[in-house]
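Below, each chain spelled out in residue letters.
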Amino acid sequence: MRIAIIGTRGIPNHYGGFEQCAEYLSAGLVKKGYEVVVYNSHNHPYQQKEWNGVEIRHCYDPECKLGTIGQFFYDLNCIKDARKGNFDIILQLGYTSSSVWSFLFPGNTVVTTNMDGLEWKRAKYSKPVQRFLQFAEKLAVKYSDHLIADSPEIQRYLGNKYQKEATFIPYGAEMFDNPEQDVLDEYSLKAYEYDMLIARMEPENSVETILDGVVRADRNRPFLVVGNTNNNFGEYLKLKFAHSPKIRFVNGIYNIGKLNNLRYYSNLYFHGHTVGGTNPSLLEAMASNSLICSHDNKFNRAVLNDDAFYFSTAMDVAEHLRAANKTAETYQHFLANNTHKIKTVYTCQNIVDAYAAHFEAIKIKNAKTIPALPNAAPQVALYLENAQIS
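Residues numbered from 1 in each chain as written. Predicted model: local features only at pLDDT ≥ 70, side-chain atom pairs only at ≥ 80, totals over all residues. Heavy atoms only, no water.

Before we go on, may I ask you to explain the overall build of the chain in this structure?
If you tally the helices and strands in the chain, you get 14 helices and 14 strands. Here the C-alpha atoms of the chain give a radius of gyration of 21 Å, agreeing with the 21 Å that 2.2 N^0.38 yields for 390 residues. Accessible surface, the chain: about 16900 Å² in total, of which carbon and sulfur atoms supply 49%. (Helix = DSSP H or I, 4+ residues; strand = E, 2+ residues; numbered from the N terminus. Rg over C-alpha atoms; globule rule 2.2 N^0.38 Å. Areas by Shrake-Rupley, 256 points an atom, 1.4 Å probe, with all protein chains shown as cover.)

In structure tokens, the structure reads:
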């Protein structure tokens, strides 16, 4: 079976969650015998035509010249190229800048779309942009033959709003079992004597709320902010907290080994995402044995359950910073339960198997009208049943 993956900036991952998903999913599918093509931006740092058995196709991406609007032209170029690719299935990761071109998908190819989170709820977007994203969401649902939801909450949302079944397949993560404390030297840190967050510098990721809490807590230990600050909101945050010496902006870090070590040796790891489904960076934190303090919303609770601290306000953040001690026996069950979820539920292999099962169901039925499987991975289904997520 020949699969195309579109909707990302490309692999290996140098950007975010969808890219990380495309990376392990494409390599895993190749090992199962699938032919996989991943579309990359023409200016992606990796310029080869093959990666771990995955064919890489570079398409022109004018985002560097046009800004966000360039993403629409990049997606158009990818879809135009995919029309010539003789693919059995096109896996579309996200829809925000691609669904307007949905009418161009080849008619003899099945399109299955991972709908991501509720993009139109993101605080960074103006009201007109939010209305456009709601329209884009409708187009994606209309023109996709099958839908994938990375969270049970997104699955319910799609069913309630559009009366469309979606296959629930979350993201996965690899357990991090080989910490190297020497990595901390580069950042002048000591094990368990700093707190941190990793996020894009966007309002809906609660970065400002978390940092307000850091200032309020007034703890005598560093707070690491990992994320590209080369945007308006990032510059605003750096200016606002310039007089808080314990807050360190270290920009984006894309070396997974460094990130895992920083998460592993942190005292308290903050996950502030408020919009979306199962966030890959949250799973990576769990896989890195992090003691997690998460924004309190249904998406994050669906993954963490009772195995984390939760915050809604800066005062909540400050209270947790004052109280939390990762090395204390009190919190070891948080760590154990979260790593158990990664080892048994959110494994990359489970996710690859789930996508493969989804693709095989499409192949067997050989029709565009079959309902998506409600849960393609039995391990994931069993976990949700036991967790009793409402």
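Teacher, can you tell me more about the pairing of strand 2 (residues 35–41) here?
On a regular strand, each side chain points to the face opposite its neighbour's, so the side chains alternate between the two faces of the sheet. For strand 2, the buried fraction is high: six of the seven residues fall into the buried class. The pairing of strand 1 (residues 2–6) with strand 2 spans four bridges and is parallel. By the bridge assignment for strand 2, Ile-5 is matched with Val-38. Viewed along the sheet, the connection from strand 1 through helix 1 (residues 17–31) into strand 2 turns out right-handed. (Buried < 20%, exposed > 50% of the residue type's maximum accessible area, 1.4 Å probe, protein only. Pairing = 2+ DSSP bridges. Right-handed = clockwise from strand over helix to strand, strands pointing away.)

Would you mind showing me how to read the nonpolar core here?
Note on soluble globular proteins: their nonpolar side chains tend to be buried together. With 61 residues, the main nonpolar core has Leu-25 and Leu-262 as its most contacted residues. With eight residues, the single largest contributor to this core is helix 13 (residues 348–365). Leu-262 has contacts with Leu-184, Tyr-187, Leu-189, Tyr-194, Met-196, Leu-224 and Ile-253, leaving out every residue within four places of it along the chain. Counting 27 residues, the second largest nonpolar core, distinct from the first, contains Ala-199, Ala-217, Phe-270 and Leu-291. (Core = buried A, V, L, I, M, F, W, Y, C linked by side-chain atoms within 4.5 Å. Contact = heavy atoms within 4.5 Å.)

Help me out: how do you make sense of a nonpolar patch on the surface in this one?
Together, Leu-66, Ile-69 and Phe-73 give the surface a local cluster of nonpolar side chains, amounting to about 270 Å² of exposed area. Relative to the assigned elements, Ile-69 resides in the loop between helix 2 (63–66) and helix 3 (70–82). Classification of Ile-69 by relative accessible area gives partly exposed; the value is 44%. (Patch = residues over 30% accessible without salt bridge, like charges linked within 9 Å, V, L, I, M, F, W, Y side chains within 5 Å. Salt bridge = Lys/Arg side-chain N within 4 Å of Asp/Glu carboxyl O.)

What is the right way to look at the sheet that holds strand 6 (residues 110–114) in this model?
Pairing in this open sheet of eight strands is mixed, and the strands run 3-4-2-1-5-6-7-8 from one edge to the other. Edge positions in the sheet fall to strand 3 (50–51) and strand 8 (166–168), since each has one partner strand and no second. Along the sheet face, helix 1 touches strand 1, strand 2, strand 3, strand 4 (54–59), strand 5 (89–93) and strand 6 and points at about 155 degrees away from the line of strand 2. (Axes fitted to C-alpha atoms, helices over the stretch in contact; angles between N-to-C directions.)

In this structure, what is going on with the packing of helix 4 (residues 127–143) against helix 5 (residues 152–162)? I would like to understand it.
What describes two packed helices is the angle between their axes and the distance between those same axes. It is the contact of helix 4 with helix 5, at a shortest axis distance of 12 Å, that shows an interaxial angle of 85 degrees. The angle between helix 4 and helix 5 falls in the class roughly perpendicular. Along its contact with helix 4, which presents Gln-134, Glu-137, Lys-138 and Val-141, the element helix 5 presents Tyr-157, Leu-158, Lys-161 and Tyr-162. Of the residues contributing to the contact of helix 4 with helix 5, the split by class is four nonpolar, one polar and three charged. (Parallel < 35°, antiparallel > 145°, perpendicular 65-115°, else oblique. Nonpolar A, V, L, I, M, F, W, Y, C, P; charged D, E, K, R; others polar.)

When you look at the packing of aromatic side chains in this model, what are you seeing that I'm missing?
Any pair of aromatic rings gets described here by the distance separating the centres and the angle formed by the planes. Per the stated rule, a full pass over the model turns up 13 aromatic pairs. Ring geometry for Phe-176 against Tyr-264: centres 6.0 Å apart, planes inclined by 75 degrees, an arrangement best described as edge-to-face. One end of the pair, Phe-176, is in the loop between strand 8 and strand 9 (195–198); the other, Tyr-264, is in helix 8 (residues 256–265), and 88 residues separate them in sequence. As far as burial versus exposure is concerned, Phe-176 and Tyr-264 are alike and both buried. Aromatic pair Phe-223 and Phe-270: ring centres 5.8 Å apart, planes at 50 degrees, arrangement tilted. On the criterion of sequence distance, the pair formed by Phe-223 in strand 10 (residues 223–226) and Phe-270 in strand 12 (residues 269–271) is long-range, its members being 47 residues apart. Judged by its relative accessible area of 1%, Phe-270 falls in the buried class. Taken together, the aromatic side chains of Phe-176, Tyr-192, Tyr-264 and Tyr-265 make up a single cluster linked through ring pairs. When the ring centre of Tyr-310 is taken as reference, the NZ or CZ atom of Arg-301 above it lies at 3.8 Å. If you follow Lys-326 out to its NZ or CZ, it ends over the ring of Tyr-264, 5.4 Å from the centre. (Phe/Tyr/Trp six-rings, centres within 6.5 Å; stacked < 30°, edge-to-face > 60°. Lys NZ or Arg CZ within 6 Å of the ring centre and 35° of its normal.)

Just to check I follow, could you spell out the packing of helix 6 (residues 207–217) against helix 7 (residues 232–240) for this structure?
Closest axis-to-axis distance for the helix 6/helix 7 pair is 11 Å, and the angle between their directions is 10 degrees. Taken as axis vectors, helix 6 and helix 7 run roughly parallel relative to one another. Contact residues: Val-207, Glu-208 and Asp-212 in helix 6; Phe-233, Tyr-236, Leu-237 and Lys-240 in helix 7. Its residues assigned to classes, the contact of helix 6 with helix 7 shows four nonpolar, no polar and three charged.

Please clarify how the sheet that holds strand 9 should be interpreted in this entry.
Paired through backbone hydrogen bonds, the strands of a sheet run either parallel or antiparallel to each other. The sheet built from six strands is open, its strands ordered 11-10-9-12-13-14 with parallel pairing. Both outer strands of the open sheet, strand 11 (247–249) and strand 14 (309–311), are each paired with one neighbouring strand and no more. Averaged over all pairs of adjacent strands, the angle between strand axes in this sheet comes to 25 degrees, irrespective of strand direction. The sheet contact formed by strand 10 and strand 11 spans three bridges and is parallel. Paired with Leu-224 across the strands is Arg-248, a residue of strand 11.

The values are spatial; any link to function lies outside them.
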